[in-house]
Amino acid sequence: MSWVGDNSALIWEQLREHLYLALIPMVLGLLISLPLGYVATRFSWLANPLVALGGVLYSLPSIALFIVLPAILGTQILSPVNIIVALTIYAVSLLIRNVIDGLRSVPEEVLQAAVSVGYGTLRRVLTVDLPIAIPVIFTGLRVVTVANISMVSVGAIIGIGGFGELFTTGFQQDFLTPIVVGVVLSLALALVCDIALVGLQRLLTPWARVISPLKEATT
Amino acid sequence: MIEFEDVTKRYPDGTVAVDNLSLRIPSHQITVFVGPSGCGKTTSLRMINRTIERTSGTISIDGEDINSKDAVTLRRGIGYVIQNAGLFPHKTVVENVATVPKLLGWDKRKARSTAMELLERVGLDLKLAERYPAQLSGGQQQRVGVARALAADPIIMLMDEPFSAVDPIVRNQLQEELLRLQRDIGKTIVFVTHDIDEAIKLGDHVAVLRVGGKLAQFAPPAELLANPVDEFVENFIGKDRGYRALTFVTAEELRLTDVPAELTRAEDGSPKGWVNGSGELEPVGATFQRGDSLRAALDAVLTSPVGKGVCVDESGKAVGVVEYAALAEAFRP
Ligand SMILES: Nc1ncnc2c1ncn2[C@@H]1O[C@H](COP(=O)(O)OP(=O)(O)O)[C@@H](O)[C@H]1O
Ligand SMILES: [Mg+2]
């Protein structure tokens, strides 16, 4: 444990880095999937190819992407941009399906009512479609976040920040403590982020929590 | 007045949903589009707020072509109610009702207070205002749907089978309340239903459509019952149309006879029962008032143990009775 005390500054730094590397792609992925998903619901022939493409991209091995991307992007091999781009690609490939499913979960009569009472398209999408799609989108967001947190550790193999560095340190020095600390902290971080997302979702969708419809005899 | 002139709707797949419809929908009244499923009622209705664009012809509101302003502006001035209400599940009841006022840019407080007034007006318990739609019964949701449609005080309200999905008792209540509400607000209401009884009950005018989107007959309900233009309309109206037509004849002219001694009355003059041969009291049966229909009078006669229907005044006091003979006179054309 004294090792943790001695290295607390380093661990905090790595925590910050790990979070940053995992969450930025999550946010970027969401920002890209939302308009893409919307377009796919407008032009429904686009939906299946997009989801299929997402499946293919997601199956690419991460370590390969981390190494190939610098060649494509012209970045340094050690640049965190590679990780961010790679994880954003994974995020989009997962989220696209949830965004499409989420937007499709908006009941037809609700859409019809929204148009009929005089919502313009943009306003309708932002204030009716999207809020109703939140539960389905958040399911994807949680998977992406946990997956990103674990994949950031892989980045350490090629020498980019986060708790993964603890693993590399541990292996190099044949010393178990940093590895254990790294595993525990990654898990804890994933758990905390997941709980935070669940909390955020509950905050955003108070209406989805009304469990047993309280139907009164009086009408 | 909403005027359809030679309006046709052909969907991209070639289906002609509405064929050359010409129709004048009078202001401040309820006009019902009725017809079998798939005859183009919804299409006709939704062409009015341009959620479906017609293929040809013109539709105008008070002389102004509905294409003269943009569709979104047009829709904010037209209330719209659908089956299952189509409430926004993520908004509370009061937020649902305040939707159009907010779209129109009213300040929050005014939008909210207007919404509360309307909820009260449609008979919703205000305790439910902060609930979400999923926490309401079907009938309650439908009331909220009507309140939402009326929130910005539109001149027109479009209703597409609004009461089809609720049980018969609640449907009946909602129909009565719509009629009561309409007496106060006098909107131009276009109401779609596949139920001819609902059409006859609610409509000041009824447009019967046949499959293929053709207008079969456009008339007040009494006229429709008395003179269906063809076999299709007659079949669609169904059985008992002669009997149902009695709803539209008042009992005003009916010849009454004096209240006989066998009708026991309470101190205030209200009927208590008929005394039969063995001196026992039998129930009065249904009663009717002068302003009611012949149907009510006939019902009073049919439910009376002695074949005499009791007519009462506003206060419930028996003022006379009607016998078969007097009814038969009234039925004679
Ligand atoms: N979007 C559409 N595309 C093609 N055909 C349609 C569409 N909407 C309705 N129809 C067809 O048009 C006809 C009239 O439909 P509708 O107006 O919904 O009838 P109703 O409301 O009287 O049941 C039906 O034959 C229906 O199948
Ligand atoms: Mg319909």
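As the structure is a computational prediction, the values presented were derived from the model and not from experiment.

K.L.:
Even after reading the chapter, I still don't get the UniProt feature "domain: ABC transporter" (unreviewed entry) in chain B, so can you show me in this structure?
P.N.:
Within this structure's numbering, the places UniProt gives as "domain: ABC transporter" (unreviewed entry) are residues 2-237 of chain B. Between the C-alpha atoms that bound residues 2-237 of chain B there is a distance of 25 Å. The span itself is 38% helix and 25% strand.

K.L.:
Hey, could you run me through the layout of surface pockets in this one?
P.N.:
With a probe scaled to a water molecule rolled over the atoms, the places where space remains empty come into view. Residue and element names in this part refer to chain B. Empty space within the largest pocket amounts to approximately 530 Å³. If you go around the largest pocket, you meet 16 residues; those closest to its centre are Glu-176, Asp-197, Lys-201, Thr-247 and Arg-295. Those elements giving two or more residues to the lining of the largest pocket turn out to be helix H7 (168-185) and helix H8 (196-202). Element by element, the count of residues in the lining of the largest pocket is highest for H7, at five residues. Across the lining of the largest pocket, the residue classes tally to four nonpolar, four polar and eight charged.

K.L.:
Would you mind showing me how to read empty space enclosed by the protein here?
P.N.:
Residue and element names in this part refer to chain B. Per the stated rule, a full pass over the model turns up two cavities of 30 Å³ or more. Taken as a whole, the largest cavity encloses approximately 110 Å³ of empty space. Taken together, Arg-121, Val-122, Gln-142, Arg-143, Val-146, Phe-163, Leu-174, Glu-177, Leu-178, Arg-180 and Leu-181 make up the lining of the largest cavity. Those elements that provide at least two residues to the lining of the largest cavity are helix H6 (138-150) and H7. A per-element tally of the lining of the largest cavity places H7 first, with five residues. Approximately 40 Å³ is the volume attributed to the second largest cavity.

K.L.:
Sorry if this is basic, but what is going on with H6 of chain B here?
P.N.:
Residues and elements named next belong to chain B. Counted at 1.5 Å a residue, the expected span for H6 with its 13 residues is 18 Å, and the 19 Å between its end C-alpha atoms agrees. Here H6 lies mainly inside the structure; 12 of its 13 residues are buried. Of the residues making up H6, those classed as buried are Gly-139, Gln-140, Gln-141, Gln-142, Arg-143, Val-144, Gly-145, Val-146, Ala-147, Arg-148, Ala-149 and Leu-150.

K.L.:
Can you help me understand the site of ligand 1 in this one?
P.N.:
Residue and element names in this part refer to chain B. Close to ligand 1 lie Tyr-11, Asp-13, Thr-15, Ala-17, Ser-37, Gly-38, Cys-39, Gly-40, Lys-41, Thr-42 and Thr-43. Here an oxygen atom of ligand 1 sits 2.7 Å away from a polar atom, N or O, in the main chain of Gly-38. At 2.7 Å from an oxygen atom of ligand 1 is found a side-chain nitrogen or oxygen belonging to Thr-42. By residue number, the principal contributor to the shell around ligand 1 is helix H1 (residues 41-48), which donates three residues. Among the residues forming the shell around ligand 1, the class breakdown is three nonpolar, six polar and two charged.

K.L.:
Would you mind going over the pairing of strand S15 (residues 308-312) of chain B with me for this structure?
P.N.:
Side chains on a regular strand alternate between the two faces of the sheet. All names here are of chain B. Among the five residues in S15, five count as buried, and that is most of the element. Because side chains alternate across S15, one face comprises the buried residues Lys-308, Val-310 and Val-312, and the other comprises Gly-309 and Cys-311, equally buried. Here strand S14 (residues 287-289) pairs with S15 via three bridges, running parallel. Residue Gln-289 lies in a different strand from S15, and its bridge partner there is Val-312.

K.L.:
Would you take a moment to explain the nonpolar core for this structure?
P.N.:
Most often, soluble globular proteins keep nonpolar side chains buried together rather than apart. All names here are of chain B. Leu-119, Met-157, Met-159 and Phe-191 are the most contacted members of the largest nonpolar core, which totals 49 residues. Element by element, the count of residues in this core is highest for H6, at five residues. By size, the runner-up hydrophobic cluster in this structure holds 28 residues, among which are Phe-4, Val-18, Cys-39 and Leu-74.

Rules used throughout
Residues numbered from 1 in each chain as written. Chains lettered and ligands numbered in written order. Predicted model: local features only at pLDDT ≥ 70, side-chain atom pairs only at ≥ 80, totals over all residues. Heavy atoms only, no water. UniProt positions renumbered as here; feature names shortened; annotations may be inferred. Helix = DSSP H or I, 4+ residues; strand = E, 2+ residues; numbered from the N terminus. 1 Å grid on protein atoms, 1.4 Å probe; cavity = no way out; pocket = protein on both sides within 12 Å on 5 of 7 lines; lining within 4 Å. Points joined across faces, edges and corners; volume = space filled by probe spheres on them. Nonpolar A, V, L, I, M, F, W, Y, C, P; charged D, E, K, R; others polar. Expected span 1.5 Å × (residues − 1). Buried < 20%, exposed > 50% of the residue type's maximum accessible area, 1.4 Å probe, protein only. Near = heavy atom within 4 Å. Polar contact = N/O pair within 3.5 Å; in protein donor to acceptor, adjacent residues only side chain to side chain. Pairing = 2+ DSSP bridges. Core = buried A, V, L, I, M, F, W, Y, C linked by side-chain atoms within 4.5 Å.

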